[in-house]
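# Per-entry structural report
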Amino acid sequence: VLSVQGQIISCTADNASDIFCRFGTSMGSDWTIISGCEEGVTQSARINLDHECTWNFPVDIVFQSPRPFGWPQIIFNVYGYNLFILKELN
């Protein structure tokens, strides 16, 4: 059993006004999620004058596997709106 608990606190970015974070999991075929969400989206947040936005979004996932092969990973993508389109930020 592998338990992951924490939070997505904040992000620093330029050239966007409203930012949100999408996260998902990637794992070997023997792993299953027994508690929590496999993927999620934070609320949208505005960037302040220091180019930082704050989410304080909780993450709580519990994985289970009979053998530890293909360890789970959590993948984060940050998106923001500019004047015209939604774009993924690097």
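Everything here concerns the structure above.
Let me sum up the structure you'll find in this document.

### A few points about the packing of aromatic side chains
Inspection of every chain in the model, using the stated rule, returns five aromatic pairs. Between Phe20 and Tyr79 the ring centres are 5.6 Å apart and the planes differ by 25°, which places this aromatic pair in the stacked class. Of this pair, Phe20 sits in strand β2 (residues 18-26) while Tyr79 sits in strand β7 (residues 73-81), placing them 59 residues apart in sequence. When its relative accessible area of 13% is taken as the criterion, Phe20 is described as buried. Here the aromatic rings of Trp31 and Phe63 are separated by 6.4 Å at their centres, their planes lie at 85°, and the arrangement is edge-to-face. Taken together, the positions of Trp31 in the loop between β2 and β3 (32-35) and Phe63 in strand β6 (residues 52-64) put the pair 32 residues apart, joining distant regions of the chain. The buried category is assigned to Trp31, whose relative accessible area is 8%. On the basis of relative accessibility, which here comes to 1%, the residue Phe63 falls in the buried class.

### Re the side chain of Asp18
Positionally, Asp18 belongs in strand β2. Among the residues examined, Asp18 registers a relative accessible area of 18% and is labelled buried. If sequence neighbours within four positions are ignored, Asp18 has contacts with Ser44, Ala45, Arg46, Tyr79, Gly80 and Tyr81.

Procedures and definitions
- Residues numbered from 1 in each chain as written.
- Predicted model: local features only at pLDDT ≥ 70, side-chain atom pairs only at ≥ 80, totals over all residues.
- Heavy atoms only, no water.
- Phe/Tyr/Trp six-rings, centres within 6.5 Å; stacked < 30°, edge-to-face > 60°.
- Helix = DSSP H or I, 4+ residues; strand = E, 2+ residues; numbered from the N terminus.
- Buried < 20%, exposed > 50% of the residue type's maximum accessible area, 1.4 Å probe, protein only.
- Contact = heavy atoms within 4.5 Å.

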